[in-house]
Amino acid sequence: MPRLRFYRETDDRREAYLADKSSRRASDTGKLRKLSCLSNFEKLFWKTNKYEKLPHHLKSCLDYISIMKYHKKHDLVRLMIAQGLIADKSGENMEDVAESIIDELVELGRLAENRYFDCLEVVVPYNNLCIVDVDEHKFLSKAEHLPSAKLDLDSDRGLSRAFMQDICKLQFLVVLRLFGAIESIPDEVGNLVNLKYLELAKCMNLFHLPRTLGNLQRLQTLKITYCGRLRELPVDMLKLQQLRHLLLSSGCVNNGEVRVPKGIGTLVNLQTCEGVYAGDSIAKELGTLTQLRRFGAKRVSEDHSSELAAAIMSMENLLSLSLQAEGACLVSEWIGRFLPELENFSPPRLVQKLTLSGTLIEIPKWVAPMEKLTKLTLTSSNLSQDEASLLQYLPKLKHLHLWGAYC
């Protein structure tokens with residue numbers, strides 16, 4: 001599907017706007033050929049129909065991924081769902097469908113894995129194949145009436161409150177990603193009623209989120225990373241009953257935690273819940289989220305480890321588990337304390353990825369029976385040299401990441 005793009009860069013910020021066109025007609029294709037400025041090599045690929053022969057669902061997803069540049073697989077999955085590229089069908093998990101499409105595009109050679117950046121990228125000449133660059137006036141005149149729109153904002157100097165209020169008038173936005181120095185998110189963000197994906201990153205001066213966040217009834221993904229002064233989410237986020245992915249990390253401030261409100265267990269559509277603090281009785285509530293597929297807890301300590309272990313064991317659909325001990329960050333080095341032993345703990349049988357951060361001395365015995373484990377990451381574990389022998393009991397292990405894991 002052709003997409004309109006408007007890009008603007010000033011001394012203090014970068015803005016990238018994107019909107020779908022309503023359909024792919026022959027005239028659109030002809031226009032794209034003129035506007036894309038394809039090289040002879042790229043035109044050859046077009047003429048041989050390697051692109052046009054793709055099924056519609058693969059073509060639509062490839063078009064979208066091509067303008068996303070570098071992204072990790074799980075981020076692409078969430079963005080594809082937010083953009084409406086994956087149908088919500090009974091008996092199917094949208095995340096599984098999106099992942100299978102990405103895997104198929106990799107197998108067909110349309111996507112390639114960039115192992116250095118641990119992400120996916122579109123193979124030339126498919127990148128930017130369906131982009132139509134327009135000016136600001138044309139974009140704003142068209143975007144309001146188009147199916148979905150996306151906005152990325154990146155600023156080193158900061159985005160003013162007045163500017164953010166103007167952004168919140170763009171009610172057609174489906175995806176909003178904000179990067180950089182932002183001191184506040186205005187109450188008007190609650191007017192973005194079509195928003196399905198909200199990401200805040202490196203907003204180091206952001207202290208709180210407005211209660212109007214609860215107005216975003218269609219929100220599927222809330223991703224907050226490296227917003228160091230943000231300590232907690234407003235209780236109004238419990239109104240987000242369509243929320244599927246909650247990803248939290250404040251970096252090295254507040255032990256990397258952003259606290260969730262009591263009542264988190266009512267968000268029964270959550271597929272991902274990462275970066276949460278499970279103390280203050282939150283661990284017991286997490287046990288009701290049996291549909292979770294990815295879970296990560298920070299600042300794990302003895303005072304709630306038993307409740308947390310019981311909660312995790314109830315997550316029978318879990319595929320990825322991350323546990324991080326209480327710690328401190330000095331410059332770029334993470335110094336972890338002891339990761340509590342989880343007594344009588346047996347991890348969900350489907351877990352494929354496990355991350356343990358904090359002093360262990362020895363690898364927990366409950367790791368050995370994890371027959372489906374394909375990736376194990378150990379950070380600041382202080383293991384003895386003979387602990388690697390346990391790995392022989394993990395028949396499907398493909399990736400082993402060790403960061404300061406041994407004494």
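The residue numbers shown here count from 1 along each chain, following its written sequence. Where totals are concerned, whole chains, interfaces and linings use all residues; where local detail is concerned, this predicted model gives features only for residues with pLDDT of at least 70, and gives and counts side-chain atom pairs only at 80 or more. As a convention, hydrogens and water are excluded, and side-chain values are obtained from all of the structure's heavy atoms.

### Describing helix α4 (residues 73-82)
So, step 1. Throughout, exposure labels follow a simple rule: accessible area from a 1.4 Å probe, protein chains only, divided by the maximum for the residue type, with under 20% read as buried, over 50% as exposed, and the rest as partly exposed. To qualify as a helix, a DSSP run of H or I must reach at least 4 residues; to qualify as a strand, a run of E must reach at least 2; elements of each kind are numbered from the N terminus. By the criterion of burial, α4 is predominantly enclosed, with eight of the 10 residues buried.
So, step 2. What α4 keeps buried is the set Asp75, Leu76, Val77, Arg78, Leu79, Met80, Ile81 and Ala82.
So, step 3. Gly84 sits one or two residues past α4 and shows a positive phi near 80 degrees.

### What to know about helix α9 (residues 305-313)
So, step 1. For α9, every residue scored as buried is listed here: Ser305, Leu308, Ala309, Ala311 and Ile312. Viewed along the axis of α9, the buried residues span an arc of 160 degrees, placing them on a single side of the element.
So, step 2. The contact criterion used throughout is that any non-hydrogen atoms of two residues lie within 4.5 Å. Among the structural elements, α8 (282-286), β12 (294-300) and β13 (320-325) are those in contact with the buried residues of α9. Summarising the geometry, the arc corresponds to the directions from the helix axis toward the C-beta atoms.

### A few points about the environment of Lys375
So, step 1. Inspection of the secondary structure puts Lys375 in strand β17 (residues 375-379).
So, step 2. A relative accessible area of 23% means that Lys375 is categorised as partly exposed.
So, step 3. The contacts of Lys375, once residues within four sequence positions are left out, are Gln352, Lys353, Leu354, Leu397, His399 and His401.

### Some points on the pairing of strand β4 (residues 119-122)
So, step 1. Of the pairings in the sheet, the one linking strand β3 (residues 111-114) to β4 comprises four bridges and is antiparallel in character. If you follow Asn114 over to β4, its bridge partner there is Cys119.
So, step 2. Between any two strands, pairing holds if DSSP finds at least two bridges. The antiparallel pairing of β3 with β4 creates a hairpin that spans four residues between the two strands, and Asp118 there sits at a positive phi of about 55 degrees.

### A word on the packing of aromatic side chains
So, step 1. Any pair of Phe, Tyr and Trp rings, taking the six-membered ring for Trp, is counted once the centres come within 6.5 Å. Such a pair is stacked with planes under 30 degrees apart, edge-to-face with planes over 60 apart, and tilted for the rest. All told, the structure shown has one aromatic pair when counted by the stated rule.
So, step 2. For the pair Phe345 and Trp366, a centre-to-centre distance of 4.9 Å together with 90 degrees between the ring planes defines the contact as edge-to-face. Taken as a pair, Phe345 in the loop between β15 (333-336) and β16 (353-357) and Trp366 in the loop between β16 and β17 lie far apart in primary sequence, 21 residues in all.
So, step 3. The class for Phe345 is buried, based on a relative accessible area of 7%.
So, step 4. Lying over the aromatic face of Tyr277, Arg299 brings its terminal NZ or CZ to 4.9 Å of the ring centre. Remark: a charge is flagged as sitting over a ring if the NZ atom of Lys or the CZ atom of Arg is within 6 Å of the ring centre and within 35 degrees of the ring normal.

### As for the confidence of the model for the protein chain
So, step 1. A residue's pLDDT is simply how confident the predictor is in it, with values from 0 to 100. Mean pLDDT for the protein chain: 82, with 78% of residues reaching 70 or above.
So, step 2. Note that residues 23-38 has pLDDT below 50 and, in this model, 27 contacts with residues that lie over four places away or in other chains.

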